[in-house]
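# Structural description and commentary
Now for the letters of each chain:
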Amino acid sequence: MWLPSYATPFERLTRTLVVAFAVAVLLFLIAPLFIIVPLSFSKDPFFTLPVREYSLRWYADFFGNARWMNAIFNSAVAAVMTTVLATTLGTLAALGISRPDFPARRLIMALLISPMIVPIVIVAVGSYLFFGQFGLTNTRTGLVLAHTALATPFVVITVTATLSTYDTNLTRAALSLGAPAMSAFFRVTLPNILPGVVSGAIFAFAISFDEVVVALFMTAAEQRTLPVQMFSGIRDQINPTIMAAATLLLALSITLFAVLAMLTRQRVKPTTSA
């Protein structure tokens, strides 16, 4: 929010106050997240601030512990599978809902995003009871399906928002020139809505990788994910290894959204220059 050189002193003061307030709110929101970083480098076997001596002891314990490594593997596999399913289903649903002649659009949209509104504990209990009838509890398949139900609404919303600015005449032109429907989608529609698809995929991956409540209900000991392992560590035996795991999760989240920002910027540049 830059002001022109002829701005009045009152306008400059107002801008300064708004910026200061925004920075204060931002610090208030993110400060609790970053307080875990120095704790993860503490040499003490308990949580103390300020840190008296720094060490990589807890990171060595994290990467040298088979339980933590198995938890990372389980989280990564479940997140990748969830991302593929949620992105595919969410993109298809968004394409259907975005059609002007689609019946009961608002009702279907409300049903699709309901997992975002319903309390997560209710979703977890419902998933446990529903998938239990098919023998999918305590399995990775059941966890992936439950996470897909949670992640798909985010894909639907991001792709629908992208489709709202997409010129459907491009697809019609491709079809009128003889392109098959699948070819028109992959060569015309998908490249134009790719930022929304990639955004939804990143959200789906982050949601599945970080989710803990549903994973507590749906996994057995051998399928325990990283957030579940962290929760169990807090409940059973607290040590700074959990802070090392939390710092790595924080770094992963920042990396994902940095990649998202770069992809979006690269996609917008040609349009701006044109």
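Use the structure listed above.
If you're wondering where the values come from, they're calculated on a predicted model, not measured in any experiment.

### Regarding the overall build of the protein
Scanning the protein for helices and strands turns up 13 helices and 0 strands. Reading the protein from its N end, one meets helices and strands in the order α-α-α-α-α-α-α-α-α-α-α-α-α. Seen along its three principal axes, the alpha-carbon backbone of the protein occupies a region of about 70 × 70 × 30 Å. Taking all 274 residues of the protein together, 36% fall into the buried category. For the protein, the exposed surface amounts to about 16,300 Å²; the carbon and sulfur share of it is 71%. Of the charged side chains in the protein, 17 are positive and 10 negative; the average position of the first set lies 8 Å away from that of the second.

### Looking at the nonpolar core
The biggest cluster of nonpolar side chains holds 19 residues, and the ones touching the most others in it are W68, F209, L226, M230 and A245. Of all elements in the fold, only α2 (36-40), α4 (66-97), α10 (181-210), α12 (226-236) and α13 (241-273) reach the threshold of two or more residues within this core. In terms of residue count, the dominant contributor to this core is α13 (7 residues). Once residues lying within four places of it in the same chain are set aside, the contact partners of W68 are F62, L226, Q229, M230, T241, I242 and A245.

### Re α10
Between its terminal C-alpha atoms α10 stretches only 37 Å, short of the 44 Å expected from 30 residues at 1.5 Å a residue. A bend of about 60° at L194 is the largest found in α10, and the proline P195 appears one to four places after it.

### Concerning the environment of P100
Within the secondary structure, P100 sits in the loop between α4 and α5 (105-112). For P100, a relative accessible area of 73% translates into the label exposed. For the pair P100 and F73, spaced 27 residues apart in sequence, the C-alpha separation works out to 43 Å.

### Section: the environment of T225
Position of T225 relative to the elements: it lies in the loop between α11 (213-218) and α12. Here T225 falls in the buried class, since its relative accessible area comes to 3%. With 13 residues separating them in the primary sequence, T225 and V212 have C-alpha atoms 8.0 Å apart.

Conventions and cut-offs
Residues numbered from 1 in each chain as written. Predicted model: local features only at pLDDT ≥ 70, side-chain atom pairs only at ≥ 80, totals over all residues. Heavy atoms only, no water. Helix = DSSP H or I, 4+ residues; strand = E, 2+ residues; numbered from the N terminus. Buried < 20%, exposed > 50% of the residue type's maximum accessible area, 1.4 Å probe, protein only. Areas by Shrake-Rupley, 256 points an atom, 1.4 Å probe, with all protein chains shown as cover. Lys, Arg positive; Asp, Glu negative; His and termini not counted. Charge placed at Lys NZ, Arg CZ, Asp CG, Glu CD. Core = buried A, V, L, I, M, F, W, Y, C linked by side-chain atoms within 4.5 Å. Contact = heavy atoms within 4.5 Å. Expected span 1.5 Å × (residues − 1). Bend = angle between axes of the 7 residues up to and from the residue.

Distances and angles like these do not, on their own, reveal function.
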